Amino acid sequence: MNIKNADATTSKTFETDYANTEIGALGVTSAASATISGDTVITVTGAEVKDTTLAYKVAGKAIDVKNGQKPVGFTAWDGNDEITAATGKIITVVELNGDGRAIKVGSCSVVAKA
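Note that the coordinates shown come from a computational prediction; the quantities given were computed from them, not determined experimentally.

Draft legend 1. The arrangement of unusual backbone geometry in detail. Positive phi, normally seen in glycine, also occurs at D51, with a value near 65°. Within the secondary structure, D51 sits in the loop between β3 (39–45) and β4 (53–59). On the accessibility criterion, D51 (63% relative accessible area) is exposed.

Draft legend 2. Spatial organisation of the environment of G79. Checked against the element boundaries, G79 lands in the loop between β5 (75–77) and β6 (83–84). On the accessibility criterion, G79 (25% relative accessible area) is partly exposed. Along the chain, G79 and L54 lie 25 residues apart, while their C-alpha atoms are 6.6 Å from each other. Every residue in contact with G79, bar those within four places of it in the chain, is listed here: I42 and L54.

Draft legend 3. Focus on the side chain of E95. Within the secondary structure layout, E95 lies in strand β7 (residues 90–96). The charged side chain of E95 is buried without a salt bridge, its nearest counter-charge being K104 at 4.2 Å. Only 2.7 Å separates the side chain of E95 from the side chain of T52, close enough to count as a polar contact. Discounting residues that sit within four places of it in the chain, E95 has contacts with L26, G46, A47, E48, T52, T53, L54, R101, A102, I103 and K104.

Draft legend 4. Region of interest: the packing of aromatic side chains. Inspection of every chain in the model, using the stated rule, returns one aromatic pair. An angle of 80° between the planes, with centres 6.5 Å apart, marks the rings of Y56 and W77 as edge-to-face. Linking Y56 in strand β4 with W77 in strand β5, this pair joins segments that are 21 residues apart in sequence. You'll find Y56 and W77 in the same group, each marked buried.

Draft legend 5. Representation of the nonpolar core within the structure. By size, the foremost hydrophobic cluster in this structure holds 13 residues, and its most contacted members are V28, I42, Y56, W77, I83, I91 and V93. For this core, the secondary structure elements donating two or more residues are β4 and β7. What V28 contacts, discounting residues up to four positions off in sequence, is I42, T43, V44, I91, V93, G106, S107 and C108. Counting seven residues, the second-largest nonpolar core is a separate cluster that includes A55, V65, F74 and V94.

Draft legend 6. Structural context of the sheet that holds β4. Strand order in the open sheet formed by five strands is β1-β8-β7-β4-β5, with mixed pairing between adjacent strands. In this open sheet, the two edge strands, each paired with only one partner strand, are β1 (24–25) and β5. Of the strand pairs in this sheet, β4 and β5 are connected by three bridges, and their pairing is antiparallel. Within β5, the residue paired with A55 across the bridge is A76.

Thresholds applied
Residues numbered from 1 in each chain as written. Predicted model: local features only at pLDDT ≥ 70, side-chain atom pairs only at ≥ 80, totals over all residues. Heavy atoms only, no water. Helix = DSSP H or I, 4+ residues; strand = E, 2+ residues; numbered from the N terminus. Buried < 20%, exposed > 50% of the residue type's maximum accessible area, 1.4 Å probe, protein only. Contact = heavy atoms within 4.5 Å. Lys, Arg positive; Asp, Glu negative; His and termini not counted. Salt bridge = Lys/Arg side-chain N within 4 Å of Asp/Glu carboxyl O. Polar contact = N/O pair within 3.5 Å; in protein donor to acceptor, adjacent residues only side chain to side chain. Phe/Tyr/Trp six-rings, centres within 6.5 Å; stacked < 30°, edge-to-face > 60°. Core = buried A, V, L, I, M, F, W, Y, C linked by side-chain atoms within 4.5 Å. Pairing = 2+ DSSP bridges.

Listed below in structure tokens is the structure:
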């Protein structure tokens, strides 16, 4: 019992400690689309099975994403649709938890259909 005559708290679930945990890694590969010029087929390995989403950003270099960060400028992606991007650009894919925070990241050079 405590001062308010209520049962004492004996356990507590704490929020995820993003600051002291390294971000996870995704395997990301790119292959030219079989049908659409300028498109690439991205394959991601190492993603969680459920309760997460993916997003991507294409740039001249890999985007630095920290664990727990809410990425800005990324495009939501279902993990299946082909992506329009130029060969030689770098695509960064992030896996987001239910709160939209990055938990895994990976990058690769884009290979698009000529």
